[in-house]
Amino acid sequence: MAGMESEVLRLTTGDRLTTDITGAVARFCADKGDGLCSVFVPHATAGVAIFETGSGTEEDLELILESMLPRGARFAHRHGSPGHGRDHVLPAFISPSLVIPVLDGRLTLGTWQSVVFVDSNVDNPQREVRLSFLASA
Amino acid sequence: MAGMESEVLRLTTGDRLTTDITGAVARFCADKGDGLCSVFVPHATAGVAIFETGSGTEEDLELILESMLPRGARFAHRHGSPGHGRDHVLPAFISPSLVIPVLDGRLTLGTWQSVVFVDSNVDNPQREVRLSFLASA
Amino acid sequence: MAGMESEVLRLTTGDRLTTDITGAVARFCADKGDGLCSVFVPHATAGVAIFETGSGTEEDLELILESMLPRGARFAHRHGSPGHGRDHVLPAFISPSLVIPVLDGRLTLGTWQSVVFVDSNVDNPQREVRLSFLASA
C-alpha cells in the first residue's frame, strides 16, 4: 500500500463526556498492514485519550476534570454555555492528537486500553474524528 | 516525495506563555502532499498544544497552569528563577510532541484550532520547534 | 529501509513512578535513518513523557500528580490497591503515546530532554514499551 489513507468518523456524543471509539479505529485499520494510525479530533473543545473503559474511570475522569478545570471558575473565554471557557482549556491537557502503532492491521493496544473521545462541550452533540494510516512503501 | 523532510523553526517568545505557530506549520506543509506532520519542541520546559487562540483561552490556560503547578510551591528542581521547578513539570502534561495529519499540503485542523507553542519559562526567549513531514512513497 | 520496524522493550519498574528509557529508545533508532519513532505503552495505568531527569523533576512530578489525582480521593474504579483508581486516570493526562522525529538514526531531543516511562501503579513491576520506527521509502 502506498500513500496515506484518511477518513472521517462521525460521532453523536450527546452530553456524554466520553465515547469509546476503539471499535471504529480498529475497523479502520483492519485491512491495512504495518504502520502508524493517527487519531485526530478537529474540534477546539475535545481530545482523545487511551484508558480502560467500563470500570469507573470515565466517572473518575469527570471528577478530576471538574477539580482541575472547575466549571464555576471565571474564565476569560465567555462564549457559549456557563463554564464553556473550561471546555476550551481541556485540549491543552487531553490532546486532540494521538498515534497508535498498527501491526498486520491490528492496533497494538494493551488488554485494558480503549481509545476514548473526550468532549466536555455539551452544546455540540455531532462530532468528527479523523483517522489516518501511514505505512512505509 | 521520498524521505522525511525536517526543518527548525526559530521563535522569539519573550515572556509570553503562548505563541501561535499555526501559520509557520501550515507554510512548512503547503508544498507537501499527504502525510503526517510532527511538531516537536526540543526544550525541557515547553510543550505544544492545539486550542483556539484569540478568545481568552491563552489567559485561561495561564490561570489553570498556575493552579495546577503553583510557582510558589516548593519544587525539588531549584535551578533558575523562582518557580522554575514548575516549568520543568509542564512538559509532562503539555507534551513537546504533536502529530497533525496533512492532506494535499493542508493541515486537517478544525476551524477553531490553532497550533500553540506553550512555554512557561521566562528565562529563555529564543526557542526552536522542529517540523518534520513524513509521507508514504 | 522499507516497512515499519517494531519491537518491545521490557522494563522492571519496581515501585518507581518514573523510569528513564532514553538510552533504550536511542539504541532502537541508532541503525535507522530518518523517520518517526513511536513510543507506545500498552498498559492502562502508565504513560510516557519527555522531561529533564536527574535534577528533581521526577520528585516534583510525583507531588503534582498527588495533588491532581489524590490517592485518598473516592474513585469509582475500585479494583487493586487503595488509590489504584487514580492510576487509571493518569494516562488521560500523561499519554501512553509519543512520537519523536529521528534524523540519521539520532533522536532529535534537546540537550535536557529524556524519554520517561511514568507508571503510578505499584502492583505491576514488569512493564513493556513498544518502539516502532516508520521511515519513508
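What this report covers is the structure whose coordinates are included nearby. Quantities reported herein were computed from a predicted structural model and do not represent experimental measurements.

Moving on, we come to the overall build of chain A. Of the regular secondary structure elements, chain A holds three helices and eight strands. Shown N-terminal to C-terminal, the secondary structure of chain A runs as helices and strands in the order β-β-α-β-β-α-α-β-β-β-β. Its C-alpha atoms give chain A a radius of gyration of 16 Å, within 12% of the compact-globule value 14 Å for 137 residues. Based on the C-alpha atoms only, the size of chain A along its principal axes is roughly 50 × 30 × 20 Å. In chain A, of all internal contacts separated by at least 6 residues, the share reaching a separation of at least 24 is 82%.

The next point concerns the relation of the copies chain A and chain B. For the match of chain A to chain B, the screw axis carries a shift of 0.0 Å, the RMSD comes to 0.0 Å, and the turn is 120°. The transformation just described matches what one would write down for a three-fold rotation axis.

Moving on: the interface of chain A and chain B. At the junction of the two partners, chain A supplies 32 residues and chain B supplies 32 residues. Going through the elements one at a time, β1 (4-12), β3 (35-40), α3 (84-93), β5 (97-103) and β8 (126-134) of chain A are the ones with two or more residues in the side of chain A that touches chain B. If one sorts the elements of the side of chain A that touches chain B by residue count, α3 of chain A sits on top with six residues. Of the residues in the side of chain A that touches chain B, the class split is 18 nonpolar, twelve polar and two charged.

With that settled, consider the pairing of strand β7 (residues 114-119) of chain A. Residues and elements named next belong to chain A. Of all six residues that make up β7, six are buried, and the element is covered over most of its length. Burial of β7 is two-sided: the residues S114, V116 and V118 facing one way and the residues V115, F117 and D119 facing the other way are all buried. Summarising the sheet, strand β2 (residues 18-20) and β7 pair through three bridges and their orientation is antiparallel. Bridge assignment links D20 to a residue of β7, and that residue is V116. Where strand β4 (residues 46-51) lies against β7, six bridges are found, and the strand directions are antiparallel.

Taken residue by residue, the interface counts 32 residues in chain A and 33 residues in chain C. Classifying every residue of the side of chain A that touches chain C gives 19 nonpolar, nine polar and four charged.

Let us look at helix α2 (residues 57-68) of chain A. The periodicity of an α-helix, 3.6 residues per turn, causes residues three or four places apart in sequence to face the same way. With twelve residues, α2 of chain A should reach 16 Å at 1.5 Å per residue; the first-to-last C-alpha distance of 16 Å fits that figure. Residues of α2 of chain A that are buried: T57, E58, D60, L61, I64 and L65 of chain A. Looking down the long axis of α2 of chain A, one finds its buried residues gathered within 155° of arc, a one-sided arrangement. Buried residues along α2 of chain A sit in contact with β2 and β4 of chain A together with α2 (57-68) and α3 (84-93) of chain C.

If you look at the biggest cluster of nonpolar residues, it comprises 117 residues, and the most contacted ones within it are C37 and V39 of chain A, C37 and V39 of chain B together with C37 and V39 of chain C. Once residues lying within four places of it in the same chain are set aside, the contact partners of V39 of chain A are V25, V48, L98, I100, V115, V129 and L131 of chain A.

Let's shift gears to the pairing of β8 of chain A. All names here are of chain A. Two elements, β1 and β8, share nine bridges in a ladder whose sense is antiparallel. Each residue of the ladder has a partner; that of S6, found in β8, is S132. One ladder, built from five bridges, connects β3 with β8; its direction is antiparallel. Paired with L36 across the strands is L134, a residue of β8.

Moving on: the environment of I50 of chain A. Mapping I50 of chain A onto the fold places it in strand β4. Of the residues examined, I50 of chain A has 28 C-beta atoms within 10 Å and is grouped as buried. For the pair I50 of chain A and V116 of chain A, spaced 66 residues apart in sequence, the C-alpha separation works out to 5.9 Å. The residues contacting I50 of chain A, other than those within four sequence positions of it, are L98, Q113, S114, V115 and V116 of chain A together with P91, S95, P96 and S97 of chain C.

What counts, and at which threshold
- Residues numbered from 1 in each chain as written.
- Chains lettered and ligands numbered in written order.
- Predicted model: local features only at pLDDT ≥ 70, side-chain atom pairs only at ≥ 80, totals over all residues.
- Helix = DSSP H or I, 4+ residues; strand = E, 2+ residues; numbered from the N terminus.
- Rg over C-alpha atoms; globule rule 2.2 N^0.38 Å.
- Contact = placed C-beta atoms within 7 Å.
- Least-squares fit on C-alpha atoms with pLDDT ≥ 70 in both.
- Nonpolar A, V, L, I, M, F, W, Y, C, P; charged D, E, K, R; others polar.
- Buried ≥ 20, exposed ≤ 12 C-beta atoms within 10 Å, placed from the backbone.
- Pairing = 2+ DSSP bridges.
- Expected span 1.5 Å × (residues − 1).
- Arc of directions from axis to C-beta.
- Core = buried A, V, L, I, M, F, W, Y, C linked by C-beta atoms within 7 Å.

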